[in-house]
Amino acid sequence: MMLIPCPWCGPRDESEFHYGGQAGVAYPDDPGALTDAEWARYLFFRDNPKGPFRERWSHTAGCRRWFSLVRDTVTNEIVA
Amino acid sequence: MSGAFRTARGGLVDRDRPLRFRFDGVEYEGLQGDTLASALLANGVHHVASSIRLGRPRGVFAAGVEEPNALVQIEEPFPEPMLPATTVELYDGLVARGLRGRGRLADRPDPARYDATHAHCDVLVVGAGPAGLAAAAVAASSGARVIVVDDQPRPGGSLLGAAEHLDWVASVAGGLRAAPEVRLLTRTTAFGYYDDNHVVAVERRTNHLGAQAPAHRSRERVWRIRARHVVLATGAHERSLAFADNDRPGVMLAGAAQTYLRRYGVRPGRRAVVLTTNDSAYAVARDLHAAGVEIAAVADLRDSPGAGRAPHGAELLPGWAVAGVTGADRISAVTLRRLAGGAFTGPELRLDADLLLVSGGWNPVGALYGQAGGRLAYDDGLGAFRPDGGCRQALEVAGSVAGTYTLKGCLAEGAAAGARAAEATGFRPGEPDLPETADPEVTPGVAVWTLPGDPATSLVDLQRDVTVADIARATGTGMRSAEHVKRYTTAGTAHDQGRTSGTLTSGIVAEMLGVNVGDLGTTTFRPPYAPVSFAALAGRDRGMRFDPVRVTALHAWHVAAGALFENVGQWKRPWYYPRDGEDMAAAVLRECRAAREGVAMMDASTLGKIDVRGADAAVFLDRLYTNMISTLKPGAIRYGVMCRPDGMVLDDGTVIRLAEDRFLVTTTTGNAAVILDWMEEWLQTEWPQLRVYCTSVTEQWATVALVGPESREVLASLAPGLDVSRDGFGFMTWRDTTVAGLDARVCRISFSGELAYEINVSWWDALALWEALAERGITPYGTQTMHVLRAEKGYPIIGQDTDGTVTPHDLGLGWAVSRTKADFIGKRSFTRTDTARTDRKQLVGLLPDGGELLPEGAHLVAAAEPPLTALGHVTSSYHSAALGRTFALALIEGGRDLVGRTVWATLDDGLAPVTITGAVLYDPEGARRDG
Ligand SMILES: [Zn+2]
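Not measured: the values here are computed from a predicted model.

### As for the overall build of chain B
Phase 1 of the analysis: Scanning chain B from terminus to terminus reveals 20 helices and 47 strands.
Phase 2 of the analysis: Summarising its shape, the C-alpha atoms of chain B cover approximately 115 × 70 × 55 Å along the three principal directions.
Phase 3 of the analysis: Accessible surface computed for chain B: about 36,600 Å², of which carbon and sulfur atoms make up 51%.
Phase 4 of the analysis: Here chain B contributes 95 positively and 109 negatively charged side chains, and the mean placements of these two sets differ by 1 Å.

See the structure below:
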C-alpha cells in the first residue's frame, strides 16, 4: 500500500485515493476542429511507460482534491 | 510419560503439564510447550502424512514454518485444514489427522472472532532471533517507537533451538516488554511487505489454547503496520538436496533435529547418519550424541571438511554421500558410497539407522525482502541467494537473512542495523549489550544440488511431489527460466512457498542448463509469506459489516408493511409489497394497476441529488449535459443526459432550476457518488475558472413519488395552498409549498407516463408525509413496479438498458442532444465513424409471440436455424398489467429499422420467436401525462 503525498493533507494510505490515469491530457480547445484520428488519440491513447510516469490522483476519501505526481511504475516510488 | 523418545530433562517444555491429544485415532500424551510435531516425535511417530501426487509416506522434515511434509487437519475443537504440524502448538484435547496434500474446510460456522488493527512505528523489527533482538534492543534504547514481531510463542529464534544464551534473551525481552514505546508481538507472522514500508502481520492470539480459548478474545488479529524503517532479521532455513528416496520418514533436516532435542527435549531417533555440505551439522551430531542418540557416521560432501569435529564413535566420511535409503514408512538403514567426479565409486557402506539428518546448506529467508521490491543475488561463498542490498525501501537486513551465520556476527549486525534504523528516523541509539560468544573457525560449505540416483524418486519440492525427473522434463521441453519451470512443474507453488526447495530448484535447473545459478535467479516472492486464513483477513468486516447498508427515512415503515427489499448500490429499496397470499407477480400487477388506474406512491428518496450553485452553474451544466440547460427558467425542470467524452451515456436525470445561479440535479440511485466525482473532476482539472460549487444533498431531501390519475386530487387535498390545475402547475415545473403541513418542494415529473408528482421534504419530515398519504389508502409500490411502468413507456435505466457502449441516439434520446451548443462532453464523438453508424444496437421493444417472460440478458438471433447470427440482447423484461402480456426492452443492431420483424430469443430450452416493436408500448401519444 503506497503512501501518497496529498498536497493538502500530507501522506495518506493509497486506499484513500482514486487513480486518474495519465496527467496532462487536456480536453481539446476545439474538439470540432479535430479529425477523427486526432479525437481518437485524445479519447483512447495513453502512455504506458516502464519508469517515471506523470499521473493524476484524487484524494476521494479525504479532501477530494485532484493533483498530479510522478511515480516510477516499476518501483512505485513517487519521485516528484 | 510424554513419549519414549523424551529426554529425562532439558528443553523448554513444562514437564509438570502433560497434555492429552489424539492423532489419526490414537491417544498420545505431550507436554505444555510442545508442537504437535515434537509431541508426535516424542512418541516415536514419524510417518504423519502422505504426499499429494505420489501418495508416498511422509514424516516430520523441519521444525518450523518451512515444513513441507507434515501437513495435518485439525478436527477438534474446530476444523482447520492444511497446517504444518510443526506450527501447531499442542493443547489439551487436540484432535488431528495427517493429510494427503489436501485439507477439508469446516462445515459449520466459525464461532471465533477475528479483528484487525493499524499501527505506526519508527522501527519495525521482523524476527526476534539474535539479530532481531539485538536490533530491537538498540533501537528501543534510542526512545524510538519500536514494534517487534516474531512467529514463535516466545522470542529467541535460533537460540531457542540451541538453548544457549537464554538468559540474555530473557533479559532483552524483559527490557522490551517494559519499555513504554515498544511492542513485542509473539505468535505473529509478518506475511506481506508492501509499498512504503507497509507490513502486514497476523497475530495468533488464542489458537494455542484450543477449547480453553476465551470467547471474548479475538482468535487472530491482523496488524497493518506502517513503519518508518524496517529491520528484517528473518533468519535462514536449512535446505536439503535431491537424492533417491530423500523424502522417507526419518529423513530430517539436521538443524531441525537439534531443535527437537534442545527446545522440546525429544530425541528424533535412536541411531542417525548425517549427510552434510557444511559445518553446521557437526554441532547437531555432537548434541544428539551427548543426548544418547548414536551417530553412525557423518558423510561430508566436502573432501576436506577440517578435522576432529565428529562426535566420538561416529565415522567421518569426507567425500561420501547417500547412495540409498532402506525402509518406506520409516527408514531402517542408509547406504553410503564415495562420490567422485559426480558418480559413486568403491564399495557400499550400509549402516542401520532410523534417522538420516541432512544439511544441504542454509537459505536466507529473503521472501519479505523480495516482496519489498528487493532482489536476491547468488552468493558463491554461501551457496545461496541473499538480499543484494539494493532495495529502495527504508530497510535493513541483519543476521542470517544477510548471509551471516555465526552467532557473534548476527548479534553485531543486528545491533548495527538497529542503530542505523534509529538514526534514520531521528533517534540516538545507545550502546548494545551483547552476550559473550565464541567465534568458531568456519570451513566454507559446498553447494551440491543432486546426488546420483533414480531421478524419479529424488524429490525437489516435497509438498508438490516434484522430482528431479520432473525438472528434467521441463528443461527438456525447452524451458529456460525459473519462472517457467515453476509453472510447468508446480515446484514452489505449494503453501510452503518452496521455502526448503526454491533454491534447490534453481540450482538443479541451472545445472541441467549449464548456466550459472546466479544468472538464472529465483522466482518472484509474493505475499503471503505464510498461509493466512480468510477469516483473519475479513476480520470484523463480515455480515452486516461487510458493506455499509443505507436506508431511507421510511425504511422502518416499509419493513412493517412487509416489503421485500432489493439492493441498489448500498441502498435497501422496497422491491414490492406483497399482501396476504400474493406472489411477486400478483403484487406487482396490483401495484401497477393502482398507479395506472388510481393513485400509488413510491419512496424515491434514494435518487442522487446534487446542489449545483455559483455564477457559472448554467455554463457548467451546459458543458456536462447533452441538452441545453442554460435556457431553463427558474421554476422549470428539464430531463437531461450526460455522456462521457467518447459519446456513451453516463447518467440521466432531471435538472431543476432553483434560481439564476442555482440548480438541483438528480442522478440515478447507484450513480450519485460517481456523478458528484465527475463534476468535481471537470471543475478542478479542466475548468477551475468556473465559479461553481457542488454539494450532495441526497440525504437532506426525502422524495415521494405520487403517481396516477387520482394523484392531483390527493395533492390538492394535502396542499390546499397549491394551484394543482393543469394550467396552474404545468408538466416539468416545480413549486415550493406546504404538503400535509410540511415544507415541501413539489415537482411535476413523471417516470411512468401517468400524471405524477414528486414531493420533496426534509429527511426528518418524510415519515409524516408518507403516513399522511398512507392514511388515504394510497397503494405503496416498489422498484419492480417502477421498472414495469417506466419500461412500458420505453424509458431506459442507465446501467440496466445500457452498458457503457450506448449513445443517446442508440436509446432514442436524440431529441435530448443539442444541435446548437458549440460543445458539450461527448459531442465530438457523435460524428466519429463508428458512433455515427446507422446499424448500431438500438433500444427497441419486444413482444414474445408465445407470451414467455424472457430472461434479461438473453441473446437475440436473426433466424431459428444456424448460423445463429447474434443481433443483440434483452435488457429488461416484465409482465405488464396494462398490456395484459409480457414484454421486454432490448438492444438490437439496427433495431429501429426492424420494427414488426420476428427475431429469436435464446432460452435454456430452445429458441422463442419475438416481435420487434417501438420502445414505447403504452400510451405512445403521451395522453395520460396531464391527467
Ligand atoms: Zn487530501
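### So, the interface of chain A and chain B
Phase 1 of the analysis: Contacts between the two partners involve 24 residues from chain A and, on the opposite side, 24 residues from chain B.
Phase 2 of the analysis: Overall, the association of chain A and chain B removes approximately 2,200 Å² of surface from exposure, summing both partners, and the carbon and sulfur fraction of that is 45%.
Phase 3 of the analysis: Area buried by chain A at its contact with chain B is led by Met 1, Tyr 27 and Arg 64 of chain A, which between them contribute 30% of it.
Phase 4 of the analysis: Our enumeration of links across chain A and chain B arrives at five salt bridges.
Phase 5 of the analysis: Where Arg 56 of chain A meets Glu 681 of chain B, a salt bridge forms, and the shortest distance between an N and an O atom there is 2.6 Å.
Phase 6 of the analysis: Where chain A packs against chain B, one counts 19 residue pairs in polar contact (both at pLDDT 80 or more).
Phase 7 of the analysis: Counting residues per element, the side of chain A that touches chain B draws most heavily on helix 1 (residues 36-44) of chain A, which supplies five residues.

### Focus on the pattern of salt bridges
Residue and element names in this part refer to chain B.
Phase 1 of the analysis: Per the counting criterion, the structure on display carries 53 salt bridges over all chains.
Phase 2 of the analysis: Close ionic contact of Arg 6 with Asp 34 constitutes a salt bridge, the shortest N to O distance being 2.5 Å. Taken together, the residues span a long stretch of sequence, with Arg 6 in the segment before strand 1 (14-23) and Asp 34 in the loop between strand 2 (26-32) and helix 1 (36-42) at a distance of 28 residues. Residue Arg 6 shares its accessibility class with Asp 34, and that shared class is buried.

### Structural notes on the sheet that holds strand 5 (residues 66-72) of chain A
All names here are of chain A.
Phase 1 of the analysis: Taking strand neighbours across the sheet as the criterion, the three strands line up as 3-4-5 in an open arrangement whose pairing is antiparallel. The open sheet is flanked by strand 3 (18-22) and strand 5, the only strands paired with a single partner. Looking at each pair of strands side by side, their axes are set apart by 35° on average, direction ignored.
Phase 2 of the analysis: One ladder, built from seven bridges, connects strand 4 (residues 52-58) with strand 5; its direction is antiparallel. The partner of Glu 55 across the bridge, within strand 5, is Leu 69.

### Some remarks on helix 11 (residues 502-513) of chain B
Residue and element names in this part refer to chain B.
Phase 1 of the analysis: Here helix 11 is twelve residues long and its end C-alpha atoms lie 17 Å apart, about the 16 Å a rise of 1.5 Å per residue gives.
Phase 2 of the analysis: Of the positions making up helix 11, those classed as buried are Thr 503, Leu 504, Thr 505, Ser 506, Gly 507, Ile 508, Val 509 and Ala 510.
Phase 3 of the analysis: Residues of helix 11 that are buried in the fold lie against strand 23 (362-364), strand 25 (384-387), strand 27 (459-461), helix 9 (468-476), helix 10 (482-489) and helix 12 (517-520).

### Structural notes on the UniProt feature "domain: SoxA A3" (unreviewed entry) in chain B
Phase 1 of the analysis: Here, UniProt's "domain: SoxA A3" (unreviewed entry) annotation points to residues 459-540 of chain B.
Phase 2 of the analysis: Strand forms 6% of residues 459-540 of chain B and helix 46%; the C-alpha atoms that close the span are 42 Å apart.

### Describing the pairing of strand 20 (residues 333-340) of chain B
If a strand is regular, its side chains alternate between the two faces of the sheet.
All names here are of chain B.
Phase 1 of the analysis: Alignment of strand 19 (residues 320-326) against strand 20, held across six bridges, turns out to be antiparallel. When the bridges of strand 20 are listed, Val 325 appears paired with Val 334.
Phase 2 of the analysis: Between strand 19 and strand 20, which pair antiparallel one after the other, the connecting turn spans six residues, and Gly 327 there sits at a positive phi close to 105°.
Phase 3 of the analysis: Relative to strand 21 (residues 343-352), strand 20 runs antiparallel, the two sharing seven bridges.

### Digging into the coordination of the zinc ion
All names here are of chain A.
Phase 1 of the analysis: Every protein donor of the zinc ion is listed here as Cys 6 (SG), Cys 9 (SG), His 59 (ND1) and Cys 63 (SG), and their distances to the metal cover 2.0 to 2.3 Å.
Phase 2 of the analysis: Its four donor atoms give the zinc ion angles of 103 to 118° at the centre, a pattern that matches the tetrahedral case.
Phase 3 of the analysis: Its relative accessible area of 27% is what places Cys 9 among the partly exposed residues.
Phase 4 of the analysis: Take His 59: its relative accessible area is 0%, and that puts it in the buried class.

### A short note on the packing of aromatic side chains
Phase 1 of the analysis: Enumeration over the complete set of coordinates arrives at 22 aromatic pairs over all chains.
Phase 2 of the analysis: Taking 5.4 Å as the distance between ring centres and 75° as the angle between the ring planes, the aromatic pair formed by Trp 557 of chain B and Trp 770 of chain B counts as edge-to-face. Note that Trp 557 of chain B is positioned in helix 14 (residues 555-560) and Trp 770 of chain B in helix 19 (residues 766-774), a separation of 213 residues in sequence.
Phase 3 of the analysis: Overall, the relative accessible area of 21% leaves Trp 557 of chain B in the partly exposed class.
Phase 4 of the analysis: Ring centres of Tyr 878 of chain B and Phe 887 of chain B lie 5.9 Å apart, and the angle between their planes is 45°; this geometry places the pair in the tilted category. The same class applies to Tyr 878 of chain B as to Phe 887 of chain B, namely buried.
Phase 5 of the analysis: A connected cluster of aromatic rings, assembled from ring pairs, spans Tyr 27, Trp 39 and Tyr 42 of chain A together with Phe 620, Trp 678, Trp 682 and Trp 687 of chain B.
Phase 6 of the analysis: Arg 46 of chain A extends its terminal NZ or CZ atom over the ring of Tyr 42 of chain A, reaching a point 5.9 Å from the ring centre.

### Structural notes on the sheet that holds strand 34 (residues 649-659) of chain B
Residue and element names in this part refer to chain B.
Phase 1 of the analysis: A sheet is described by the order of its strands in space; here five strands give the open sequence 33-34-35-32-36, paired in antiparallel fashion. Edge positions in the open sheet fall to strand 33 (637-643) and strand 36 (693-696), since each of these has one partner strand only. On average, each strand axis in the sheet is inclined to that of its neighbour by 30°, with strand direction left out of account.
Phase 2 of the analysis: Bridge count for strand 34 against strand 35 (residues 662-667) is four bridges, and the pairing is antiparallel. When the bridges of strand 35 are listed, Arg 657 appears paired with Phe 663.
Phase 3 of the analysis: Where helix 17 (residues 672-685) meets the sheet, it contacts strand 32 (608-613), strand 33, strand 34, strand 35 and strand 36, and its direction lies at approximately 25° from that of strand 32.

### Details of a nonpolar patch on the surface
Phase 1 of the analysis: A cluster of nonpolar side chains, namely Met 544, Val 549 and Val 551 of chain B, defines an oily patch on the protein surface of about 280 Å² accessible area.
Phase 2 of the analysis: With respect to the secondary-structure elements, Val 549 of chain B resides in the loop between helix 13 (534-538) and helix 14.

### As for the nonpolar core
Residues and elements named next belong to chain B.
Phase 1 of the analysis: Counting 77 residues, the largest nonpolar core has Leu 36, Tyr 260, Leu 275, Leu 336, Leu 356, Leu 357 and Leu 451 as its most contacted members.
Phase 2 of the analysis: With near-sequence residues (within four places) excluded, Leu 451 lies in contact with Leu 241, Ala 242, Phe 243, Leu 275, Leu 301, Ala 321, Val 322 and Leu 339.
Phase 3 of the analysis: Formed by 45 residues, the second largest nonpolar core is a distinct cluster that contains Cys 592, Cys 747, Val 817 and Leu 921.

### As for the side chain of Ser 58 of chain A
Phase 1 of the analysis: Following the sequence through the fold, Ser 58 of chain A ends up in strand 4.
Phase 2 of the analysis: When residues no more than four places from it in sequence are discounted, the contact partners of Ser 58 of chain A are Glu 16, Phe 17, His 18, Arg 64, Arg 65 and Trp 66 of chain A.

### Here's the deal with the packing of helix 2 (residues 130-141) of chain B against helix 4 (residues 166-178) of chain B
Residue and element names in this part refer to chain B.
Phase 1 of the analysis: Running from amino to carboxyl end, helix 2 crosses helix 4 at an angle of 40°, the nearest separation of the two axes being 10 Å. Taken together, the axes of helix 2 and helix 4 lie oblique to each other. As for the relative orientation of helix 2 and helix 4, their crossing is left-handed in sense. For the pair formed by helix 2 and helix 4, the contact residues are Pro 130, Leu 133, Ala 134, Ala 136, Ala 137 and Ala 140 on the first element and Trp 168, Val 169, Val 172 and Leu 176 on the second.

What counts as what
Residues numbered from 1 in each chain as written. Chains lettered and ligands numbered in written order. Predicted model: local features only at pLDDT ≥ 70, side-chain atom pairs only at ≥ 80, totals over all residues. Heavy atoms only, no water. Helix = DSSP H or I, 4+ residues; strand = E, 2+ residues; numbered from the N terminus. Areas by Shrake-Rupley, 256 points an atom, 1.4 Å probe, with all protein chains shown as cover. Lys, Arg positive; Asp, Glu negative; His and termini not counted. Charge placed at Lys NZ, Arg CZ, Asp CG, Glu CD. Contact = heavy atoms within 4.5 Å. Buried area = accessible area lost by both parts, 1.4 Å probe. Salt bridge = Lys/Arg side-chain N within 4 Å of Asp/Glu carboxyl O. Polar contact = N/O pair within 3.5 Å; in protein donor to acceptor, adjacent residues only side chain to side chain. Buried < 20%, exposed > 50% of the residue type's maximum accessible area, 1.4 Å probe, protein only. Pairing = 2+ DSSP bridges. Axes fitted to C-alpha atoms, helices over the stretch in contact; angles between N-to-C directions. Expected span 1.5 Å × (residues − 1). UniProt positions renumbered as here; feature names shortened; annotations may be inferred. Donors = N, O, S within 2.8 Å, 3.2 Å for Na, K, Ca; no water. Tetrahedral: all angles 85-135°; square planar, octahedral: opposite > 155°, others 65-115°. Phe/Tyr/Trp six-rings, centres within 6.5 Å; stacked < 30°, edge-to-face > 60°. Lys NZ or Arg CZ within 6 Å of the ring centre and 35° of its normal. Patch = residues over 30% accessible without salt bridge, like charges linked within 9 Å, V, L, I, M, F, W, Y side chains within 5 Å. Core = buried A, V, L, I, M, F, W, Y, C linked by side-chain atoms within 4.5 Å. Parallel < 35°, antiparallel > 145°, perpendicular 65-115°, else oblique. Left-handed = near helix turned anticlockwise from the far one by under 90°.

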